[in-house]
Amino acid sequence: MQILVNGECFTTDAGNLDELCGKLGFADAKIATAVNGCFVAAPARARTRLSEADEIEIVAPRQGG
Amino acid sequence: MFKLYGTEVSSRLLLGTAGYASPDLLRQAVEASGAEIVTVSLRRESARAKTGQGFWGLIEELGRKVLPNTAGCRTAKEAITTAQMARELFGTNWIKLEVIANDDTLQPEVFGLVEAAAELNADGFDVLPYTTEDLSVAERLVAAGCDVLMPWGSPIARPRGLRTRPRFRPCAPIFPTTPLIVDAGLGAPSHAAEAMEMGYDAVLLNTAIAKAGDPVKMARGFARAVEGGRLAFEAGIVEPRDMASPSTPVVGTPFFKIDNVS
């Protein structure tokens, strides 16, 4: 399955968002997520199934003004 | 002491965390500024670098209240989703709401700003909107539930002071119970002092300190200017006059002759 992760093409067999985050090494990381422009809270990741061409955002804290 | 969404705040200087040459310099500048609130953002996290994880450790060390922003968002929808991610990430309902109209001026896109503010306030956020000095927009933001307004002084990272001064001045008396924070455009401590003397409750800045030759010393300078400006506002600044008037008593002046008085 081809999806976009943070704007880049990514091939994955992850069935849901939580699995994808785990495969990317974010299992214990401080992150927040969105799928196709909609926020997905951490507890909802495991029940958020992924589909072809989904656009995933995985963000973390950063410096800001 | 003033209140932002029920939280008592002593320091009237809010500080951005971006653009410092090193994490240690950021830490020193925050300490020197006395700021109790620091702004942060969220950005895409690389699976390899995991940059955000280290930054979060630094923020925790600082022990300040964080104010996440929605910097870079161009639509209400983007800003709302970013705010929701920020709330989970930083564990706060506070959001510095930015909806930007274009990259050259970083001017607030005020229609999207009001739309996003209304939705976020309804969703339990405490919205601190980055806006212009336009009073009708300010009124709509207050009507949308915002208990804080953050008009710009000049465009972000163009440290020119209160370029919008003539339209800026009426904000304080028109919104007497709404905390007003000048956000963006302050380049020198004198700019911050001027805003505080006009009755603004606080200033929020980043570039002027982060990019100064000595950010730690500049942070100290801004802290004193903000305090001085506030004290001046509370003390009551004398009205300007067109004609000179001697401050030293005239009565008893040696060699005084009535003929010398014009």
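Just above sits the structure.
Everything numeric here is computed off the predicted structure, so don't read it as measured data.

Criteria and thresholds
- Residues numbered from 1 in each chain as written.
- Chains lettered and ligands numbered in written order.
- Predicted model: local features only at pLDDT ≥ 70, side-chain atom pairs only at ≥ 80, totals over all residues.
- Heavy atoms only, no water.
- Helix = DSSP H or I, 4+ residues; strand = E, 2+ residues; numbered from the N terminus.
- Rg over C-alpha atoms; globule rule 2.2 N^0.38 Å.
- Buried < 20%, exposed > 50% of the residue type's maximum accessible area, 1.4 Å probe, protein only.
- Contact = heavy atoms within 4.5 Å.
- Areas by Shrake-Rupley, 256 points an atom, 1.4 Å probe, with all protein chains shown as cover.
- Lys, Arg positive; Asp, Glu negative; His and termini not counted.
- Charge placed at Lys NZ, Arg CZ, Asp CG, Glu CD.
- Buried area = accessible area lost by both parts, 1.4 Å probe.
- Salt bridge = Lys/Arg side-chain N within 4 Å of Asp/Glu carboxyl O.
- Pairing = 2+ DSSP bridges.
- Axes fitted to C-alpha atoms, helices over the stretch in contact; angles between N-to-C directions.
- Core = buried A, V, L, I, M, F, W, Y, C linked by side-chain atoms within 4.5 Å.
- Phe/Tyr/Trp six-rings, centres within 6.5 Å; stacked < 30°, edge-to-face > 60°.
- Lys NZ or Arg CZ within 6 Å of the ring centre and 35° of its normal.
- Polar contact = N/O pair within 3.5 Å; in protein donor to acceptor, adjacent residues only side chain to side chain.
- Arc of directions from axis to C-beta.
- Right-handed = clockwise from strand over helix to strand, strands pointing away.

> Hey, could you run me through the overall build of chain A in this one?
Summing up its helical and strand segments, chain A has 1 helix and 5 strands in all. The N-to-C order of helical and strand elements in chain A reads β-β-α-β-β-β. Computed over its C-alpha atoms, the radius of gyration of chain A comes to 11 Å, within 12% of the 11 Å expected for a compact globule of 65 residues. Taking the principal axes of its C-alpha atoms as reference, chain A extends roughly 35 × 25 × 20 Å. Residues classed as buried in chain A amount to 46% of the 65 residues present. For chain A, restricting intrachain contacts to residue pairs at least 6 apart in sequence, the fraction spanning at least 24 positions comes to 53%. Accessible surface, chain A as shown: approximately 3100 Å² in total, 47% of it carbon and sulfur. Within chain A, one finds 6 positive and 9 negative side-chain charges whose respective centroids are separated by 8 Å.

> Explain the overall build of chain B here, please?
Helix and strand counts for chain B come out as 10 helices and 10 strands. Judged by the C-alpha coordinates and their principal axes, chain B covers about 85 × 40 × 35 Å. The 262 residues of chain B split such that 48% are buried. Pairs at least 24 apart in sequence give 65% of the contacts found in chain B among residues at least 6 apart. Total accessible area on chain B is roughly 12600 Å²; 52% of this is exposed by carbon and sulfur atoms. For chain B, the centre of its 27 positive side-chain charges and the centre of its 31 negative side-chain charges are spaced 5 Å apart.

> Please explain the interface of chain A and chain B as it appears in this structure.
Much of the literature gives interface size as the accessible area that the parts lose upon coming together. On the side of chain B, 30 residues touch chain A, which itself brings 28 residues to the contact. In this assembly, chain A packs against chain B so that about 2400 Å² is buried in total across both faces, 59% of it on carbon and sulfur atoms. Contact with chain B buries surface across chain A, with A:Lys30, A:Arg62 and A:Gly65 losing the most and accounting together for 28% of the total. The tally of links from chain A across to chain B stands at 3 salt bridges.

> What should I look at first to understand the sheet that holds strand β7 (residues 126–131) of chain B in this one?
Each strand in a sheet pairs with its neighbour through backbone hydrogen bonds, running either in the same direction (parallel) or in the opposite one (antiparallel). Residue and element names in this part refer to chain B. Ordered by their spatial adjacency, 3 strands build an open sheet running β6-β7-β8, and the pairing between neighbours is parallel. Two strands bound the open sheet, and with one partner strand each, they are β6 (94–97) and β8 (150–151). Here 4 bridges tie β6 to β7, and the two strands are oriented parallel to one another. Of the residues in β7, the one forming a bridge with Leu97 is Pro129. The strands touched by helix α4 (residues 110–122) are β6 and β7; relative to β7, the strand with the most contacts, the crossing angle is about 175°.

> Would you take a moment to explain the nonpolar core for this structure?
Looking at soluble globular proteins, one finds that nonpolar side chains tend to be buried together. Counting residues in each nonpolar core, the largest one holds 78 residues, and the members touching the most others are B:Leu97, B:Val127, B:Ile181, B:Val203 and B:Leu205. Counting residues per element, this core draws most heavily on helix α3 (residues 76–90) of chain B, which supplies 8 residues. Sequence-distant contacts of B:Leu205, defined by excluding residues within four places in its chain, comprise B:Leu13, B:Leu14, B:Leu15, B:Gly16, B:Leu186 and B:Phe222. Counting 15 residues, the second largest nonpolar core, distinct from the first, contains A:Leu17, A:Phe26, A:Ile31 and A:Ala44.

> Looking at this structure, I do not really get the packing of aromatic side chains. What am I missing?
Any aromatic ring pair is given by two values, namely how distant the centres are and how the planes are angled relative to each other. All names here are of chain B. Here the structure, examined in full by the defined rule, presents 2 aromatic pairs over all chains. Sitting over the ring of Trp94, Lys65 keeps its end group 4.2 Å from the ring centre. Looking at Arg87, its charged tip hangs above the ring of Phe125, at a distance of 3.9 Å from the centre.

> What am I meant to see in the environment of B:Asn121 here?
All names here are of chain B. Residue placement: Asn121 occurs in helix α4. Owing to a relative accessible area of 15%, Asn121 belongs among the buried residues under this scheme. On a C-alpha basis, the gap between Asn121 and Arg43 in space is 23 Å, while along the polypeptide they are 78 residues apart. Ignoring anything within four residues of it in the chain, the contact list for Asn121 reads Tyr5, Val127, Ala144, Gly145 and Cys146. Side-chain polar atoms of Asn121 contact the backbone oxygen of Ala144, separated by 3.0 Å.

> How should helix α1 (residues 23–33) of chain B be read in this particular structure?
Residues and elements named next belong to chain B. Residues of α1 that are buried: Leu26, Ala29, Val30 and Ser33. Taken down its axis, α1 places every buried residue within 100° of arc, on the same side. Here the buried face of α1 lies against β3 (13–16), β4 (37–44), α2 (51–62), α9 (207–210) and α10 (215–235). The first or second residue beyond α1 is Gly34, which carries a positive phi of 75°.

> Can you help me understand the pairing of β4(B) in this one?
Regular strands place side chains that alternate from one sheet face to the opposite one. Burial within β4(B) is extensive, with 6 of its 8 residues counted as buried. In terms of strand pairing, strand β5 (residues 55–63) of chain A meets β4(B) through 5 bridges, oriented antiparallel. Bridge assignment links A:Pro61 to a residue of β4(B), and that residue is B:Leu42. When β4(B) meets strand β5 (residues 65–68) of chain B, the two strands line up parallel, connected through 4 bridges. Its bridge partner being in β5(B), B:Ile37 is matched across the sheet by B:Lys65. In this fold, the crossover linking β4(B) to β5(B) by way of α2(B) has right-handed handedness.

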